[in-house]
Amino acid sequence: MTSNTIINIQNLSKTFIGKTEPAVNDISLSIRRGEIFGLLGPNGAGKTTTISILCGLFPPSSGKINIDGMDLRGDLDYIKQIVGVVPQDIALYPTLTARENLNFYGHMYGLKGKALRDKIEMWLSNFGLTDAANRRVSTYSGGMKRRVNLIAGVLHSPKILFLDEPTVGVDVQSRTVIIDYLKELNKSGTTIIYTSHHMDEAEHFCTQVAIIDHGKIIIEGTPKHLIEESLGSTNLETVFLKLTNRALRD
Amino acid sequence: MLILLRDRVGLAILFIMPMVLIFVMTLIQDSAFKSLNEKGIPILFVDDDKDSLGIAIGQGLKNSELCSFHDSINGKPASADEVKKAVADGGFLVGIIVPKGATEAIRKNVSSLVQQTLGTDSVLSAGATKKMSDSVEISIFIDPITKKSFLTSVTSSLREFISVIKTKIMFKTFSDQLAEIIPDKKTTTSSVFEKTQIIKYKEVYASKDIGEIVPNAVQHNVPAWTIFAMFFIVLPLAGSMVKEKNEGSIFRLHTMPSSFLLLINGKIVVYVLVCLIQFILMLSVGLYFLPLLGLPTLVLGNSIAGIIIVTLATAFAATGYGVMVGTMATTEQQGAIMGALSILLFSAIGGVWVPTYVMPQTMRHLSAFSPLNWSLNSFYELFLRGGSVHSILPDSMKLVVFFFVTMSIASVVNRIKRKI
């Protein structure tokens with residue numbers, strides 16, 4: 001592991017209690033600082049399980065994980081401080097307003113006072129939510145909820161941001177705004193680990209991708225490199241379909 | 001806190017419904033208390049004797065705190081034939097008929113007995129034996145819904161009246177007979193008989209230095225239903241925790257740099273506060289609103305510190321239990337059913353619905369395991385017996401231990417669930 005590596009995963013496996021097949025099977029990965037790393041795969045491939053383990057939601061069955069030079073098992077408190085998570089589901093309180101939600105989550109990260117207020121206002125303004133900030137989240141459109149969901153994960157300016165399908169179910173406008181701001185965030189030094197079903201989006205957004213299926217990493221590299229390596233493929237989607245086949249997944 | 005404030009229905013359940021519950025339960029049980037303690041049970045009395053016994057029984061019933069005395073139906077003097085029908089129709093719970101010549105029969109029997117004892121009239125002795133077989137039959141008609149305990153009280157009172165009259169007659173007859181044997185002796189007056197009643201009873205409720213606190217519906221119901229309402233916060237608390245799981249907020253919270261207990265601390269503070277507000281509201285119902293309906297005012301005893309300790313201990317116990325249920329439940333329905341049923345069960349065995357002293361022995365043993373019972377006992381100790389901080393400490397400590405045990409269980413369950 002070099003000093004440029006921010007996440008190092010060695011032989012990571014996870015088998016849930018009562019299951020015989022592992023959800024994640026002996027994965028090893030190295031993610032460099034400042035990268036936008038795409039973890040791509042069909043439904044049930046093990047993407048969300050991997051991200052959940054990396055952000056300390058539940059422990060792995062085996063394997064070693066090192067984040068920013070710290071061991072995940074031993075230094076979870078530090079790791080949680082430097083990590084931001086944007087879950088696939090909208091993790092907000094629907095009866096609270098966007099501002100109240102962000103205020104609460106900001107406090108949970110130890111932010112307070114003017115610093116917190118300024119950050120909330122900046123992000124609300126960036127995502128075009130200032131006017132709706134005092135409305136209950138339950139009244140928001142899917143795209144608006146996604147944007148607030150994202151802000152809640154980046155308020156504390158994390159070193160590493162985990163994004164689990166951040167643009168699922170949103171309109172093109174919201175998607176463009178979200179991707180643009182994520183690129184800005186990355187430029188400012190945040191490493192992004194991102195899962196998605198949108199291959200086109202991943203191809204243009206990610207600097208590095210790994211395709212995962214049945215809990216195993218099938219291939220890893222830059223999108224450009226993967227397309228060139230796969231004979232007859234012109235984009236990431238055809239590479240993906242070739243590697244994971246066209247059979248439907250649950 | 002904000003989430004709770006936004007949930008108006010939830011707030012209504014938390015604050016208004018328990019107040020309504022106290023109003024309703026106290027009013028209902030007040031009539032039950034009155035039926036035993038005040039002039040509530042209607043008795044129809046027919047005195048065909050028109051002599052000492054009939055008059056004494058009638059007077060005794062009139063003065064009795066057990067019943068409301070009636071000797072007429074629709075303004076007309078009741079007859080013996082009408083009594084059974086009136087009771088059967090439900091107009092009266094008990095009907096009593098003292099037959100004609102009842103006093104005279106007692107008099108004759110006593111007179112024969114005295115004469116036999118003193119041997120003053122040997123000629124009469126043979127006949128007296130026959131006359132002594134005359135018996136006095138007082139008819140009592142009972143509505144089947146009448147409580148057995150009340151019936152026992154009425155028959156005991158009747159026996160007492162008969163016994164007093166019998167003794168009076170015996171005393172007078174002895175006195176008269178002795179006057180005949182010893183001519184110099186003056187006939188004893190009835191006032192002398194009254195003086196022989198040297199054993200008297202005084203009923204005092206065994207409370208400590210708080211004057212005359214009479215057990216009534218308010219003293220029993222206000223603390224009982226307040227505790228019930230405080231424990232009912234389990235429902236919204238567990239519900240909000242399950243909601244967080246389902247809505248995904250808990251996912252985000254678990255990825256944040258704070259422990260489970262720290263995450264839950266906010267909820268504990270809010271719900272303990274809710275319990276305290278509930279307590280103040282319920283108490284104000286007992287102190288200010290129930291008296292407006294003609295009910296007795298709640299008497300708080302003489303230990304404010306004791307009340308604060310028990311209230312806080314109860315609030316923490318209820319909150320801890322809510323956190324435990326919320327951690328264990330995986331769906332809102334599960335949380336609601338688990339929470340509601342367990343609280344109903346705890347309250348039933350804890351003596352909220354029926355006092356523990358009327359429960360069978362086995363249930364009384366079980367009630368010692370209900371946190372509601374520990375709380376209720378403490379409030380009874382303060383409100384009814386005038387207890388001090390010292391006397392409520394054991395049960396309050398149990399409530400505090402219950403809080404820590406439930407929180408520990410919640411923490412372990414949470415850890416197990418997150419290991420998946």
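Residues numbered from 1 in each chain as written. Chains lettered and ligands numbered in written order. Predicted model: local features only at pLDDT ≥ 70, side-chain atom pairs only at ≥ 80, totals over all residues.

1. Quick word on unusual backbone geometry
Both trends apply: most residues other than glycine have a negative phi, and most peptide bonds are in trans. In this model, Asp-68 of chain A sits at a positive phi of 50°, which is unusual for a non-glycine residue. Position of Asp-68 of chain A among the secondary structure elements: in the loop between β4 (62-67) and β5 (70-71). Positioned with a positive phi, Lys-50 of chain B is a non-glycine residue whose angle comes to about 55°. Mapped onto the elements, Lys-50 of chain B comes out in the loop between β1 (41-47) and α3 (52-63). (Helix = DSSP H or I, 4+ residues; strand = E, 2+ residues; numbered from the N terminus.)

2. Regarding the sheet that holds strand β10 (residues 216-221) of chain A
Residues and elements named next belong to chain A. Reading across from one edge, β6-β7-β8-β3-β9-β10 is the order of the 6 strands in this open sheet, with mixed pairing throughout. If you trace the sheet from one side to the other, it starts and ends with β6 (83-86) and β10, each paired once. Mean inter-strand twist for the sheet, computed between neighbouring axes without regard to direction, equals 15°. In terms of strand pairing, β6 meets strand β7 (residues 160-164) through 4 bridges, oriented parallel. By the bridge assignment for β7, Val-86 is matched with Leu-163. (Pairing = 2+ DSSP bridges. Axes fitted to C-alpha atoms, helices over the stretch in contact; angles between N-to-C directions.)

3. Some details on the packing of helix α3 (residues 98-108) of chain A against helix α4 (residues 113-126) of chain A
Residues and elements named next belong to chain A. Axis separation between α3 and α4 bottoms out at 10 Å; the angle between their running directions is 135°. It follows from the interaxial angle that α3 and α4 lie oblique. Here α3 runs over α4; the crossing is right-handed. Residues Ala-98, Arg-99, Leu-102, Asn-103 and Gly-106 of α3 form the contact with α4, whose own contacting residues are Leu-116, Lys-119, Ile-120 and Leu-124. (Parallel < 35°, antiparallel > 145°, perpendicular 65-115°, else oblique. Left-handed = near helix turned anticlockwise from the far one by under 90°. Contact = placed C-beta atoms within 7 Å.)

4. Overview of the sheet that holds strand β5 (residues 94-98) of chain B
The pairing of strands in a sheet comes from backbone hydrogen bonds and takes either a parallel or an antiparallel form. All names here are of chain B. Strand order in this open sheet of 4 strands is β2-β1-β5-β6, and the pairing throughout is mixed. Edge positions in the sheet fall to β2 (67-70) and β6 (139-142), since each of these pairs with one other strand and no more. With direction set aside, neighbouring strand axes in the sheet form an average angle of 20°. In this sheet, β6 lies alongside β5 in antiparallel orientation, the contact comprising 4 bridges. If you follow Ile-97 over to β6, its bridge partner there is Ser-139. Most of the contacts of helix α4 (residues 80-88) go to β5, to which it runs at about 165°, and overall it touches β1, β5 and β6.

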